[in-house]
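What the coordinates show
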Amino acid sequence: MPLMSIIMVCKNSEDLIAKSISSVLDQKLKNFELIIQDALSSDRTLEIITQFNDKRIKLVSESDAGIYDGLNKAIKRSSGEVVGILHSDDTYDSQDVLSLVWSAFELEKVDLVYGDLKYINARGDIVRNWVAGDFSALGCKLGWMPPHPAVFYRRSALLQHGLFDLSFSISSDYEMMLKLFYWKKVSNFYLPIYITNMRLGGLSNQAKNLQRKTLEDIKIIRRYKIPWVIAILAKNLRKFPQFL
């Protein structure tokens, strides 16, 4: 049984997926599986994946109802004690990430471990630093959330509390964070290291989706009985220091 399952959802990701896969395979912790859920790519993505010829890579290519449906399918197929998510255009910040995360799970006896994230542009320049900091319930009411690509889940807790809500097409990761950290009060530990380098331009960062994302965020905040006006304003204001 692998210690960790790293999940990667992709579609037509030929430009960057090789670098993302390499950042997983190069980790010092070796006892993991890399589950790649491909949404019927029509470019060279599948060819690139198979060229790695590593038995730890578990590839399935099939239709899905969007990224969160793909994530749910992959989580259900996973067998590791701990589950992490790495997008197909992102990379881990160092070769020590998985080792440090696993040590935190072992030492702290928690169900969630999370850290920090760097946003990088096409040239590889760091344009934004998301330092999560320690969790607090008050922080959640004031727009706090950890960067979900820097969150690792004990698989048993994830299955117990439910997977990604497919009624949200952009903000289901935010719903997951509020549900686990704030509503269910799942035990967690903040690991103050950069875990993931995330490429700008993801679904939730595209200008054309900002309005839809905001509406979904409001619905999620109200679901968990948080005053939504304050939370939405604070959630957006929190982003400004990350650019400094």
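Located above this text is the structure these notes cover.
Residues numbered from 1 in each chain as written. Predicted model: local features only at pLDDT ≥ 70, side-chain atom pairs only at ≥ 80, totals over all residues. Heavy atoms only, no water.

Okay, the environment of E81 next. Structurally, E81 is set in the loop between α3 (67-77) and β4 (82-85). What makes E81 partly exposed here is its relative accessible area of 31%. Residues E81 and W183, spaced 102 residues apart in sequence, show a C-alpha to C-alpha distance of 23 Å. Leave out the neighbours within four places in its chain, and E81 touches M1, P2, L3, W102, Y153, R154 and R155. (Helix = DSSP H or I, 4+ residues; strand = E, 2+ residues; numbered from the N terminus. Buried < 20%, exposed > 50% of the residue type's maximum accessible area, 1.4 Å probe, protein only. Contact = heavy atoms within 4.5 Å.)

Taken as a whole, this structure holds 9 aromatic pairs when the rule is applied. Relative to F181, the ring of Y114 has its centre 5.4 Å away and its plane inclined at 85 degrees; by these criteria the two rings are edge-to-face. Here Y114, found in strand β6 (residues 112-120), pairs with F181, found in helix α7 (residues 172-183); they are 67 residues apart in sequence, far enough to count as distant. Residue F181 is classed as buried on the basis of its relative accessible area of 1%. Ring pairing ties together the aromatic residues Y114, F135, W144, F181 and Y190, which thus form one cluster. Residue placement shows K235 over the ring face of Y174; its charged tip is 4.6 Å from the ring centre. (Phe/Tyr/Trp six-rings, centres within 6.5 Å; stacked < 30°, edge-to-face > 60°. Lys NZ or Arg CZ within 6 Å of the ring centre and 35° of its normal.)

So, about helix α4 (residues 97-108). Over its 12 residues, α4 extends 16 Å from the first C-alpha to the last, a length consistent with the 16 Å expected when each residue adds 1.5 Å. Those residues of α4 lying buried are V97, L98, V101, W102, A104 and F105. Mapping the buried residues of α4 onto a view down its axis gives an arc of 155 degrees, with all of them on the same face. K109 sits one or two positions beyond α4 and adopts a positive phi of about 55 degrees. (Expected span 1.5 Å × (residues − 1). Arc of directions from axis to C-beta.)

Right, let's get into the pairing of strand β8 (residues 151-154). In the case of a regular strand, side chains alternate between the two sheet surfaces. Going residue by residue along β8, you find V151 and Y153 tucked away on one face and F152 and R154 tucked away on the opposite face as well. Bridge count for β4 against β8 is 3 bridges, and the pairing is antiparallel. Residue pairing across strands places V83 opposite Y153, the latter belonging to β8. (Pairing = 2+ DSSP bridges.)

The subject of this paragraph is the pairing of strand β2 (residues 32-38). Counting buried residues along β2, 7 of its 7 residues qualify, which places the element largely inside the surrounding structure. Side chains F32, L34, I36 and D38 of β2 all project onto a buried face; the interleaved residues E33, I35 and Q37 project onto the opposite face, where all are buried too. Since strand β1 (residues 4-10) and β2 lie parallel, the crossover through helix α1 (residues 17-25) that links them has a hand, and here it is right-handed. Relative to strand β3 (residues 57-61), β2 is paired through 5 bridges, and the arrangement is parallel. Paired with Q37 across the strands is V60, a residue of β3. (Right-handed = clockwise from strand over helix to strand, strands pointing away.)

Once that is clear, we can look at unusual backbone geometry. A positive phi angle is found at L40, which is not glycine, with a value near 60 degrees. Looking at the secondary structure, you find L40 in the loop between β2 and α2 (45-51). A residue is classified by how much of its surface remains accessible, and L40, at 49% relative accessible area, is partly exposed. A positive phi is found at N53, a non-glycine position, where the angle reads about 50 degrees. Position of N53 relative to the elements: it lies in the loop between α2 and β3.

Time to look at the packing of helix α8 (residues 210-223) against helix α9 (residues 228-237). The contact between α8 and α9 brings their axes to 9 Å, and the two run at 130 degrees. With respect to α9, the element α8 is oriented oblique. As α8 runs across α9, the sense of the crossing is right-handed. Residues K213, T214, D217, I218, I221 and R222 of α8 form the contact with α9, whose own contacting residues are W228, A231, I232 and K235. (Axes fitted to C-alpha atoms, helices over the stretch in contact; angles between N-to-C directions. Parallel < 35°, antiparallel > 145°, perpendicular 65-115°, else oblique. Left-handed = near helix turned anticlockwise from the far one by under 90°.)

Tracing the backbone shows N188 in strand β9 (residues 188-199). Aside from chain neighbours lying at most four places away, what touches N188 is V110, L112, Y114, F135 and F181.

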